Amino acid sequence: MEPQEKARALREPVDGPFRASGSPPPGKQERPEGGASLAAAPESTDGDSSSADGLWDLPVENAERRPECDRCSRPQKVCLCPYLPVHPLHISTHLYIIQHPAEENKVLRTVPLLAACLPQDKCKVKIGRRFSEERDAELSTVCRDSGTLILYPGAEATNLEEFILDAPVYPSTIILIDGTWSQAKDIFYKNSLFRLPKQ
């Protein structure tokens, strides 16, 4: 073999019998799209996980929530109370907020902000996924009231501006669903009560 060909053969990787073509050489890993190379995991010589046994003995720290404001329920460092009305707003409409259980524990949830701005008798929060006439008679009565409106987009929904212009009086109660789009859809379509009010 000529010296130049020999040098080229040493520089170029050759696909061996135990490695698929295009795979990285042993001891190296492919780079992800960002370009940063990943560290190669050390190979265990005896095939067991004895090197990680000490991890089980480490103490587990309890996660503590940041102190929350009593009024707006946000972490005290990002409290919004200075920007909220000092006194509750006077409104004639009652609000019923149907909140998905997953929203209840979110740190930056917005329902407590709304509740902090309104009188307690004007804003009620109901948490859950399923509601029925037997289990929640109060909500059933509200949904059957002709003055109740549920805010939910859909093919049968009325344009809100047209509704206000056509209606002789404002709705006495508005139902809002709090959750992600998929959570709100699940709540709306799996509870027949919420298809009783005007949409």
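Under an unreviewed UniProt entry, the name given to the chain is tRNA-uridine aminocarboxypropyltransferase, and the source organism is Nannospalax galili. Quoted verbatim from the Catalytic activity (unreviewed entry) field of the UniProt record, the comment on the chain reads "a uridine in tRNA + S-adenosyl-L-methionine = a 3-[(3S)-3-amino-3-carboxypropyl]uridine in tRNA + S-methyl-5'-thioadenosine + H(+)". Recorded in UniProt for the chain, the comment headed Sequence similarities (unreviewed entry) runs: "Belongs to the TDD superfamily. DTWD2 family."

> Mind showing me how you'd approach helix α4 (residues 137-144) here?
An α-helical segment advances 3.6 residues per turn. Residues three or four places apart therefore align on the same side. When we look at burial in α4, the residues that qualify are L139, S140, V142 and C143. Down the axis of α4, the buried set is contained in an arc of 160 degrees. They therefore lie on one face. Where α4 is buried, its residues meet β1 (94-99), β3 (148-151) and β4 (173-178).

> Mind showing me how you'd approach the nonpolar core here?
Note on soluble globular proteins: their nonpolar side chains tend to be buried together. Residues I98, L139, I175, I177 and F194 are the most contacted members of the largest nonpolar core, which totals 15 residues. Secondary structure elements with two or more residues in this core: β1, α4, β4 and α6 (181-189). Those residues within four positions of I98 in sequence are excluded, and the remaining contacts are K126, F131, L139, I175, L176, I177, D178, I187 and F194. Core analysis: the second largest hydrophobic core is formed by 7 residues, C72, C81, L113 and C117 among them.

> Looking at this model, I keep getting lost on the packing of aromatic side chains. Mind explaining?
In this description, a pair of aromatic rings is defined by centroid distance and the angle of the planes. In total, this model carries 4 aromatic pairs according to the counting rule given. Between Y152 and F188, the aromatic rings sit 4.2 Å apart at their centres with planes inclined by 10 degrees, giving stacked as the arrangement. Of this pair, Y152 sits in the loop between β3 and α5 (160-166) while F188 sits in helix α6, placing them 36 residues apart in sequence. Comparing Y152 with F188, the two get one shared label, buried. Both rings, one in Y152 and one in Y189, keep their centres 6.1 Å apart while their planes meet at 85 degrees; by these two values the pair is edge-to-face. Of this pair, Y152 sits in the loop between β3 and α5 while Y189 sits in helix α6, and the two are 37 residues apart along the sequence.

Cut-offs and rules
- Residues numbered from 1 in each chain as written.
- Predicted model: local features only at pLDDT ≥ 70, side-chain atom pairs only at ≥ 80, totals over all residues.
- Heavy atoms only, no water.
- UniProt positions renumbered as here; feature names shortened; annotations may be inferred.
- Buried < 20%, exposed > 50% of the residue type's maximum accessible area, 1.4 Å probe, protein only.
- Helix = DSSP H or I, 4+ residues; strand = E, 2+ residues; numbered from the N terminus.
- Arc of directions from axis to C-beta.
- Contact = heavy atoms within 4.5 Å.
- Core = buried A, V, L, I, M, F, W, Y, C linked by side-chain atoms within 4.5 Å.
- Phe/Tyr/Trp six-rings, centres within 6.5 Å; stacked < 30°, edge-to-face > 60°.

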